[in-house]
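Per-entry structural report
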Amino acid sequence: MNNKGIIAKYRRYLAVTGATPVITLQEGNTPLLPAPSLAKLTGTRMEVFLKCEGANPTGSFKDRGMTMAISKAKEAGTRAVICASTGNTSASAAAYSAKAGLTCFVILPKGAIALGKLAQAMMHGAKVIAIDGNFDQALEIVKEISEKNNITLVNSINPHRIEGQKTGAFEIVDQLGRSPDFHFIPVGNAGNITAYWKGYKEYKRSGRFSRMPHMMGWQAAQSAPIVKGYPIKNPKTLATAIRIGNPASWIKAEEARDESKGMIGMVTDRQIIAAYRHLGEVEGIFCEPASAASVAGFMKLAASGFFKQESRSEAVTVCILTGHGLKDPDRAVAESAKPRTCPADVKAVLKIMGIKNSSRRKR
Ligand code: AN7
């Protein structure tokens, strides 16, 4: 089926009318990939799937929310949009703004944005401003600017963003033919866990499934305000996308956790990198480090025997891989084996390949 984007696909669940100019890059319809190596870690018969949101047009889940936010901004007659970003929001806002003919301002924490994301914002013609500060400070700045000027904020505090992103839940149910039992997801500004929970609740009313998933959110250990219960002044993690100390949707994330009888936990950078490499080397999936946080959380629980309990052993788990690995090439290169170099000659190459005797030839 040809993909016309999430607004066309789920129009009746979204606040769009004939007057809404639909700005789409044909986002959504992303793969739900079985990950048997992860299921195996539990020692049970459970099934694990990866929702590969890196397959969206700008390489992250943000496109689901941005098609809505930019379409509604265009409908309202806005000329310019603004966002603070750890990278992916800015890449998506820049691309959809380009398509819509809007001016896009992005405010970034200087030096803390993965290279691919910065390249995207620049390439799509956004006006990029890097502040000497972190994401939380950037968010305060854009809130103030958007309130006092005729510029639309397209961070996830914009309700249209959440509306678009809730379609991820619809798609998972449509792809599985049921709801998952466990929904693993990284948590940064906490918009996405909010959106998925809203999506599951709304889709349940359509009668497509009866049991709600447990929402299992994961923060990086040194950027884990929700887990700790207080804002983090100087959040740290190599998963730069979720280096956020005071999430905008904090309360909503706690509601999703509590209503779903789920949890919000934390994983160390080491655990994130172990999951990142496992996905790349065993499942053939290259996601960015922040995305691997959901899988790191899954691996942590699997190792603790969490899924061994009778009622969980045939569960269906979905982990959201929120962004593509190519977003952060520096991290990928830093965490994997370096290329070897040698003279341009067969013998030298074979030596590095570890093949000693290549004299066997057919006569
Ligand atoms: C790959 O781009 O906040 O909990 O400014 O890029 O909804 O914030 C990105 C967040 C997870 C966390 N995975 O989602 C931004 C930004 C990736 C991300 C998150 C982000 P939220």
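Below is a short write-up of the structure.

Another point: the overall build of the protein. In terms of regular secondary structure, the protein is built from 15 helices and ten strands. Its C-alpha atoms give the protein a radius of gyration of 21 Å, within 12% of the compact-globule value 21 Å for 363 residues. The buried share of the protein, taken over its 363 residues, is 57%. Taking the intrachain contacts of the protein between residues at least 6 apart in sequence as the baseline, contacts between residues at least 24 apart amount to 72%. Accessible surface computed for the protein: about 16700 Å², of which carbon and sulfur atoms make up 53%. Looking at charge distribution, the protein has the averaged site of its 50 positive side-chain charges lying 6 Å from that of its 29 negative ones.

Taken together, 24 residues are adjacent to the ligand, and Asn 88, Thr 89, Asn 189, Ala 190 and Thr 322 come closest. Thr 322 has a polar side-chain atom sitting 2.6 Å from a nitrogen atom of the ligand. About the coverage of the ligand: the protein hides 99% of its 470 Å² of free accessible area. The site holding the ligand turns out to be the largest cavity.

Attention shifts here to the sheet that holds strand 10 (residues 316-321). Taken in spatial order, the six strands line up as 1-2-10-7-8-9 in an open sheet, and their pairing is mixed. Of all the strands in the sheet, just strand 1 (32-34) and strand 9 (263-267) have a single pairing partner and so form its edges. Taking the axes of each pair of neighbouring strands and ignoring which way they run, one obtains an average angle of 25° across the sheet. Where strand 7 (residues 182-186) meets strand 10, three bridges bridge the pair, whose relative direction is parallel. Bridged to His 183 within strand 10 is Val 318.

Membership of the largest hydrophobic core comes to 39 residues, with the highest contact counts inside it found for Leu 38, Leu 50, Phe 184, Val 295, Phe 298 and Phe 307. Counting residues per element, the ones that place at least two in this core are helix 2 (36-41), strand 2 (47-52), strand 7, strand 8 (214-220), helix 12 (269-283), helix 13 (289-303) and strand 10. In terms of residues, this core owes the most to one element, helix 13, which gives nine residues. In contact with Leu 50, not counting residues within four places along its chain, are Pro 31, Leu 32, Leu 33, Ala 35, Leu 38, Leu 279, Ile 285, Val 295, Cys 319 and Leu 321. Formed by 27 residues, the second largest nonpolar core is a distinct cluster that contains Tyr 10, Leu 176, Tyr 196 and Tyr 200.

A few words now on empty space enclosed by the protein. For the coordinates displayed, the defined rule picks out one cavity of 30 Å³ or more. Considered as a void within the structure, the largest cavity measures approximately 300 Å³ in volume. Those elements that place two or more of their residues in the lining of the largest cavity are helix 4 (88-100), helix 7 (159-165) and helix 9 (191-204). Among the elements that make up the lining of the largest cavity, the one with the highest residue count is helix 9 (three residues). Looking at the lining of the largest cavity residue by residue, the classes come out as ten nonpolar, 13 polar and three charged.

As summarised here, the arrangement of the four strands in space is 5-4-3-6, forming an open sheet in which the pairing is parallel. The outermost strands of the open sheet, each flanked by one partner alone, are strand 5 (127-131) and strand 6 (152-153). By the bridge criterion, two bridges tie strand 3 (residues 80-84) to strand 6 in an arrangement that is parallel. Opposite Ile 82, over in strand 6, you have Leu 153 as the bridge partner.

Moving on, we get to the environment of Leu 301. Along the polypeptide, Leu 301 turns up in helix 13. The exposure class of Leu 301 is buried, given its relative accessible area of 9%. Along the primary structure Leu 301 and Leu 41 are separated by 260 residues, whereas in three dimensions their C-alpha atoms are 9.8 Å apart. Excluding its chain neighbours within four sequence positions, the residues that come into contact with Leu 301 are Phe 184, Met 216, Trp 218, Met 263, Phe 306 and Phe 307.

The rules we used
- Residues numbered from 1 in each chain as written.
- Predicted model: local features only at pLDDT ≥ 70, side-chain atom pairs only at ≥ 80, totals over all residues.
- Heavy atoms only, no water.
- Helix = DSSP H or I, 4+ residues; strand = E, 2+ residues; numbered from the N terminus.
- Rg over C-alpha atoms; globule rule 2.2 N^0.38 Å.
- Buried < 20%, exposed > 50% of the residue type's maximum accessible area, 1.4 Å probe, protein only.
- Contact = heavy atoms within 4.5 Å.
- Areas by Shrake-Rupley, 256 points an atom, 1.4 Å probe, with all protein chains shown as cover.
- Lys, Arg positive; Asp, Glu negative; His and termini not counted.
- Charge placed at Lys NZ, Arg CZ, Asp CG, Glu CD.
- Near = heavy atom within 4 Å.
- Polar contact = N/O pair within 3.5 Å; in protein donor to acceptor, adjacent residues only side chain to side chain.
- 1 Å grid on protein atoms, 1.4 Å probe; cavity = no way out; pocket = protein on both sides within 12 Å on 5 of 7 lines; lining within 4 Å.
- Sits in = over half its atoms within 2 Å of the grid points.
- Pairing = 2+ DSSP bridges.
- Axes fitted to C-alpha atoms, helices over the stretch in contact; angles between N-to-C directions.
- Core = buried A, V, L, I, M, F, W, Y, C linked by side-chain atoms within 4.5 Å.
- Points joined across faces, edges and corners; volume = space filled by probe spheres on them.
- Nonpolar A, V, L, I, M, F, W, Y, C, P; charged D, E, K, R; others polar.

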